[in-house]
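Residue-level structure breakdown
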Amino acid sequence: MTLHTKFAGYADPALHAQGLYIGGQWQAGAGIPVLNPSTGDVIAEVPDATIADAMSAVDAAEAAAPGWRATPARQRSEILRRWFQLMTDHAEELATLISLENGKALPDARGEIGYAAEFFRWYAEEASRIPGEYRHTPSGSHTILVDHEPIGIAVLITPWNFPAAMATRKIGPALAAGCTVILKPASETPLTAFAMARLGAEAGVPAGVVNVLTTRNPGPVTSAMLADPRVRKLSFTGSTGVGRTLLAEAAKTVVSCSMELGGNAPFVVFDDADLEAALEGAMIAKMRNAGEACTAANRFYVQAGIHDDFVAGLTARMAALKIGAGYDPATQCGPMITQKAVQKIDHLVSDAIRRGARTTTGGAPLPGTGYFYPPTVLEGVSVDAEIAHEEIFGPVAPVYRFETEEEAIRLANNTEYGLAAYVYTRDLKRAMRVGKGIETGMLGINRGLMSDPAAPFGGVKQSGLGREGGVTGILEFMEAKYYAVEF
Ligand code: NAP
């Protein structure tokens, strides 16, 4: 695989990948075009892996497993630390590559590379701190020892919205734990994954420890890998719908699953909030990645006393954003990932307007090439509108008015999702009370950004199972083994 020459200048040729990455070898191939969402042009074609390719990847991961498991933690740690350093050294090329295939604005892409690399540094540190336990039974009958062992071969499936970070958030803890992996990146954004695999090899990751494959048939290919008894872990980030399918598939062989799924984050602003801080936080929570984030504020609940000022301030900020190609340095809001994504957003906005909402800025797709939808603010949105219940995944901010704290909590919880939520108030007691009331895995208090490698990332309800990052993230890739010891 090569980048088409007219785009080659956007990324360091050393980072260009050559095909499927299995057992430390690049296997050339074609079949999946990768598009530049800023223009709709094809920028590269990557291989379409078959079930046989996937089985080769499992073979490679199996062959590498005993050696990697036996590699001292300190050595695994140093390899991950070198990988962090190489990503940092190549940050600008990687960010440009992300902007090219994903469309996100360069500042967002640079932010993603910094965040993504930090998972390698964090898990380089955690590799040498894997916990165990030593206890006496209450009856005094014997001693309990608990060890943690690598769970085995892990299949990692990632989405297109954070092509680097969603991969490192899984590879980092898996390698630190001593597992070997097969990464299947999203078909829209495979180039970043291939580029990172090259850097991993340079950092000293042994052949077969990390394998990368792209496929047009993720369902059958994943099912084949999950049916293989050598595969013991599935770590998936993506939509709740696909997550449900994969949980059912994994049940057949009782494969351990970690699921990072969709969100529908409420952003609650009380009358006593610092308006400027709330607007700044709203822009980060809504517009990071042009709204294509699972943690994106999807519903703005604003108390009656501050509602009109909030809408005016948000409208001014959204309307001022510069729209353009992701890799244009002036761009603040890039294109959506596909034309289909634009159509979905258009449908949600049209439905909200039909049910009484009013746009204060934006409100319709932009004509011309590329997949552009402008920053949009909706007020007077009905709680029955589809947009109140669906992940928008775009630069649209629906604002709802509320009166009381109880009402805000009830509205915030009126969803099957529970990934992220935001609360703005100067009253810390209220913030904690509302925080307890909202069903969510993560809560930003007077803060629009919560992702951090040192924190446990994940959701409740149908937003997922398990946590990535933090001190517990490594345990998702380990099994506890209990020794009952009598001295
Ligand atoms: P998606 O359609 O679920 O795809 C995610 C990944 O799953 C892709 O690699 C995709 O491959 C693969 N896939 C699709 N169907 C599959 C199947 N039947 N079996 C196995 N793999 C399959 O999601 P997306 O549109 O890429 O990403 C957006 C979603 O991800 C949103 O819902 C967002 O909230 C969620 N997300 C969650 C988090 C979190 O941490 N909770 C973070 C980021 C994103 P192809 O690309 O080849 O179809």
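Residues numbered from 1 in each chain as written. Predicted model: local features only at pLDDT ≥ 70, side-chain atom pairs only at ≥ 80, totals over all residues. Heavy atoms only, no water.

Here's the deal with the domain arrangement of the protein chain
Note the threshold: Domain delimitation in this document rests on an assignment produced automatically or drawn from a domain database. Only heavy atoms matter for contacts: two residues are in contact if any of them lie within 4.5 Å across the pair. Buried surface area refers to the total accessible area, computed with a probe of radius 1.4 Å, that the two partners give up upon joining, counted for both partners together. Salt bridge, as used here: a side-chain nitrogen of Lys or Arg that lies within 4 Å of a carboxyl oxygen of Asp or Glu. Nitrogen and oxygen atoms within 3.5 Å of one another constitute a polar contact, given that in protein one can donate a hydrogen and the other can accept it, and given that sequence-neighbouring residues count only through two side-chain atoms. Put simply, DSSP marks the helices as runs of H or I at least four residues long and the strands as runs of E at least two long, and each gets a number from the N terminus on. By the convention adopted, Pro, Cys, Tyr, Trp, Phe, Met, Ile, Leu, Val and Ala count as nonpolar, Lys, Arg, Asp and Glu as charged, and the other residues, Gly among them, as polar.
When cut into domains, the protein chain gives domain 1 (3-261) and domain 2 (265-453). Between the C-alpha centres of domain 1 and domain 2 there is a distance of 30 Å. Opposite the 30 residues of domain 1 that make contact, domain 2 presents 30 residues. For domain 1, the biggest contributors to the area lost against domain 2 are Pro37, Ser38 and Trp160; these three give 22% of the whole. Between the two partners, domain 1 and domain 2, sit one salt bridge. Across the salt bridge formed by Arg244 and Glu416, the nearest N and O atoms sit 3.6 Å from each other. In this structure, the connection of domain 1 to domain 2 is made through eight residue pairs in polar contact (both at pLDDT 80 or more). Ranked by residues supplied to the side of domain 1 that touches domain 2, first place goes to helix 5 (residues 106-126) with seven residues. Its residues assigned to classes, the side of domain 1 that touches domain 2 shows 13 nonpolar, ten polar and seven charged.

Focus on the pattern of salt bridges
Inclusion rule: Accessibility here uses a 1.4 Å probe with only protein chains present; expressed as a share of the type maximum, an area under 20% marks a residue as buried, one over 50% as exposed, and anything in between as partly exposed.
Following the criterion strictly, the structure yields 24 salt bridges and no others. Among the salt bridges present, the one from Glu276 reaches Arg317, with a minimum N-O distance of 2.8 Å. Of this pair, Glu276 sits in helix 10 (residues 275-287) while Arg317 sits in helix 11 (residues 304-319), and the two are 41 residues apart along the sequence. Using a relative accessible area of 28% as the deciding quantity, one classes Arg317 as partly exposed. One connected set of salt bridges, linked through shared partners, spans Asp59, Glu62, Asp228 and Arg230.

Details of the sheet that holds strand 6 (residues 143-150)
To keep it simple, the criterion reads: Strands were regarded as paired on the criterion that DSSP finds at least two bridges between them. Fitted lines through C-alpha atoms serve as axes, helices being fitted only where they are in contact, and the angles separating the N-to-C directions of these axes extend from 0 to 180 degrees.
Strand order in the open sheet formed by three strands is 5-6-20, and the pairing between neighbours is antiparallel. Both edges of this open sheet fall to strand 5 (133-136) and strand 20 (478-485), since each of them pairs with a single strand only. Direction aside, neighbouring strands of the sheet carry axes that sit 25° apart on average. In the sheet, strand 6 pairs with strand 20 via eight bridges, with the strands oriented antiparallel. Within strand 20, the residue paired with Val146 across the bridge is Tyr482.

Things to note about the sheet that holds strand 14 (residues 358-361)
Strand order across the open sheet formed by seven strands is 14-15-16-13-12-17-18, with mixed pairing between neighbours. Whereas interior strands pair on both sides, the edge strands pair on one side only; in this sheet they are strand 14 and strand 18 (442-445). Each neighbouring strand pair of the sheet contributes to a mean axis angle of 25°, computed without reference to strand direction. Where strand 15 (residues 376-379) meets strand 16 (residues 396-402), four bridges bridge the pair, whose relative direction is parallel. Of the residues in strand 16, the one forming a bridge with Val377 is Ala397. Contacts from helix 12 (residues 339-354) reach strand 14, strand 15 and strand 16, with the element oriented near 25° to strand 15.

Quick notes on the site of the ligand
What counts, and what does not: Residues are classed as near a molecule or strand on a simple rule: at least one heavy atom within 4 Å of it. Calculation of accessible area relied on Shrake-Rupley with a 1.4 Å probe; when residues are assessed, cover is drawn exclusively from the protein chains displayed. Using protein atoms alone on a 1 Å grid, points that fit a 1.4 Å probe yet trap it form a cavity, whereas open point sets bounded by protein on both sides within 12 Å along at least five of seven lines form a pocket; residues with an atom within 4 Å of a point count as lining. Occupancy of a cavity or pocket is assigned to a molecule whenever over half of its atoms lie within 2 Å of that pocket's grid points.
Taken together, 31 residues lie around the ligand, and Thr158, Arg169, Ser187, Ser239 and Glu391 are the ones closest in. With respect to the ligand, the side chain of Ser187 contributes an N or O atom lying 2.5 Å from an oxygen atom. Coverage of the ligand by the protein chains reaches 85% of its 910 Å² of free accessible surface. Judged by the proximity of its atoms to the pocket grid, the ligand belongs to the largest pocket. Residue assignment for the shell around the ligand shows that the elements contributing at least two residues are helix 6 (165-177), helix 8 (218-227), strand 10 (231-237) and helix 9 (240-251). Two domains each donate at least three residues to the shell around the ligand, and these are domain 1 (3-261) and domain 2 (265-453).

With respect to the packing of aromatic side chains
Cut-off, in case you're wondering: Aromatic rings from Phe, Tyr and Trp, with only the six-membered ring used for Trp, were paired whenever their centres fell within 6.5 Å, and each pair was classed as stacked if the ring planes differed by under 30 degrees, edge-to-face if by over 60, and tilted otherwise.
Under the defined criterion, the tally for this structure stands at eleven aromatic pairs. With 5.8 Å between their ring centres and 70° between their planes, Trp26 and Phe194 make a pair best called edge-to-face. Of this pair, Trp26 sits in strand 2 (residues 25-27) while Phe194 sits in helix 7 (residues 190-203), and the two are 168 residues apart along the sequence. Accessibility expressed as a relative area gives 22% for Trp26, which makes it partly exposed. Note on Phe194: relative accessible area 0%, which makes it buried. Ring geometry for Tyr115 and Phe119: centres 5.0 Å apart, planes at 65°, overall edge-to-face. Within this pair, Tyr115 and its partner Phe119 are both found in helix 5, separated by four residues, close to a single helical turn. Phe119 carries the same exposure label as Tyr115, and that label is buried.

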